[in-house]
Amino acid sequence: MHPSDRPCVVPDVTPCHLPTAARHTMAMPALMPRIWTAAEVQALPDNPTNRYECVDGELLVSPSPRLIHQSALTALWSILEQLVRSGGLGAAFVAPSEWVLDRKTLLQPDLYVVPLVDGRRPRTDEERGHPLLFIEILSPSTARFDRVIKRGRYQRANIEYWIVDLDSRLIERWLPGDERPSIHAERLEWQPANADAPFMIELEPFFTEVLGPA
């Protein structure tokens, strides 16, 4: 893995101002990570090479996505946008787009679906309502974030969550109360909360479009 692809969690390390002799007689203290707020993350300078998020006060820093990630994101957005638009159910959006779930949690899911507002697409963050779906496209640099940290927080927020694993050509589907995901490689049946009937999403054509034949 290239160093630039590695995620990092950034602690707040305070220099020790004790005299040298005193420092040498003390055991090494555990470094206490800084607790970040959503407002502090929003105030960080813009950086085109990194994405900044935080979950329960933990700062998550991930590199800009690669081209294959963006290809998958665009293709899946097109599928979902067509489904929810044709059903008059919602609208699909892609990152960067911030969601502040609480004072210490700010996230930017790769793709999300929200309900319509009076029959139209939301025009402001405040109009988005409760998400119908959050999606992350897995990459080596974000696997722990997506599968552990974000997944747990999305479940606590009562949000359906999909993890798209391009290497394995499958989608892990997590519902809020799940202890294990359902795994989908050929097709996925999805029924949003406001839908009368489920949508059937064929996954093999999606993976073939993004990755080529298996």
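Look a little higher up for the structure.
Residues numbered from 1 in each chain as written. Predicted model: local features only at pLDDT ≥ 70, side-chain atom pairs only at ≥ 80, totals over all residues. Heavy atoms only, no water.

## Some points on the overall build of the protein chain
A tally of helices and strands in the protein chain yields 5 helices and 12 strands. Scored against the burial criterion, the 214 residues of the protein chain give a buried share of 41%. In the protein chain, 52% of the contacts between residues at least 6 apart in sequence involve partners at least 24 apart. Looking at the protein chain as shown, the accessible area adds up to about 12000 Å², and 55% of this sits on carbon and sulfur atoms. (Helix = DSSP H or I, 4+ residues; strand = E, 2+ residues; numbered from the N terminus. Buried < 20%, exposed > 50% of the residue type's maximum accessible area, 1.4 Å probe, protein only. Contact = heavy atoms within 4.5 Å. Areas by Shrake-Rupley, 256 points an atom, 1.4 Å probe, with all protein chains shown as cover.)

## A few points about the layout of surface pockets
There is about 480 Å³ of room inside the largest pocket. Lining the largest pocket are 26 residues, and of these His69, Leu138, Ser139, Pro140 and Ser141 lie nearest its centre. Going through the elements one at a time, strand E1 (50-55), strand E2 (58-63), helix H3 (67-86), strand E7 (133-137) and helix H4 (143-156) are the ones with two or more residues in the lining of the largest pocket. Sort the elements by how many residues they give to the lining of the largest pocket and H4 lands first, with 3 residues. The calculated volume of the second largest pocket comes to roughly 390 Å³. Forming the walls of the second largest pocket are 18 residues, and the residues nearest its centre are Asn50, Arg51, Tyr52, Pro96 and Gln108. (1 Å grid on protein atoms, 1.4 Å probe; cavity = no way out; pocket = protein on both sides within 12 Å on 5 of 7 lines; lining within 4 Å. Points joined across faces, edges and corners; volume = space filled by probe spheres on them.)

## Some words on the sheet that holds strand E9 (residues 170-174)
Here 6 strands make up an open sheet; going across it, the order is E3-E6-E7-E8-E9-E10 and the pairing mixed. In this open sheet, the two edge strands, each paired with only one partner strand, are strand E3 (90-94) and strand E10 (182-184). Across this sheet, the average inter-strand angle for adjacent strands is 20°, counted without regard to direction. With 3 bridges connecting them, E9 and E10 associate as antiparallel partners. Across the sheet, the residue bridging to Ile171 is His184, located in E10. Here H4 sits on the sheet in contact with E7, strand E8 (161-165) and E9, set at roughly 160° to E8. (Pairing = 2+ DSSP bridges. Axes fitted to C-alpha atoms, helices over the stretch in contact; angles between N-to-C directions.)

## Digging into the packing of aromatic side chains
We describe a pair of aromatic rings using the distance from one ring centre to the other and the angle between the two ring planes. Scanning the entire structure with this criterion turns up 9 aromatic pairs. Taking 5.4 Å as the distance between ring centres and 65° as the angle between the ring planes, the aromatic pair formed by Trp99 and Phe134 counts as edge-to-face. Placement of the pair is Trp99 in strand E4 (residues 99-102) and Phe134 in strand E7, with a sequence separation of 35 residues. No difference in accessibility class separates Trp99 from Phe134, as the two residues are buried. Site record: aromatic cluster; members linked through ring pairs are Phe93, Trp99, Tyr112, Phe134, Tyr154 and Tyr161. It is Arg34 that lies over the ring of Trp36; its NZ or CZ is 3.9 Å from the centre. We note Arg121 situated over the ring of Phe93; from NZ or CZ to the ring centre the distance is 4.6 Å. (Phe/Tyr/Trp six-rings, centres within 6.5 Å; stacked < 30°, edge-to-face > 60°. Lys NZ or Arg CZ within 6 Å of the ring centre and 35° of its normal.)

## Considerations on H3
With 20 residues, H3 should reach 28 Å at 1.5 Å per residue; the first-to-last C-alpha distance of 29 Å fits that figure. Among the residues making up H3, those that are buried are His69, Ala72, Leu73, Ala75, Leu76, Leu80, Glu81, Leu83 and Val84. Positioned one or two residues after H3, Gly88 has a phi angle of 60°, which is positive. (Expected span 1.5 Å × (residues − 1).)

## Observations regarding the nonpolar core
Membership of the largest hydrophobic core comes to 28 residues, with the highest contact counts inside it found for Leu80, Val113, Ile135, Trp162, Val164, Trp190 and Phe206. Secondary structure elements with two or more residues in this core: H3, strand E6 (111-115), E7, E8, strand E11 (187-190), strand E12 (199-202) and helix H5 (203-211). Among residues more than four places away in sequence, those in contact with Trp162 are Leu80, Leu133, Phe134, Ile135, Glu136, Ile171, Glu172, Arg173, Leu188, Trp190 and Ile201. Ranked by size, the runner-up nonpolar core spans 16 residues in total, among them Val55, Trp99, Ile163 and Trp174. (Core = buried A, V, L, I, M, F, W, Y, C linked by side-chain atoms within 4.5 Å.)

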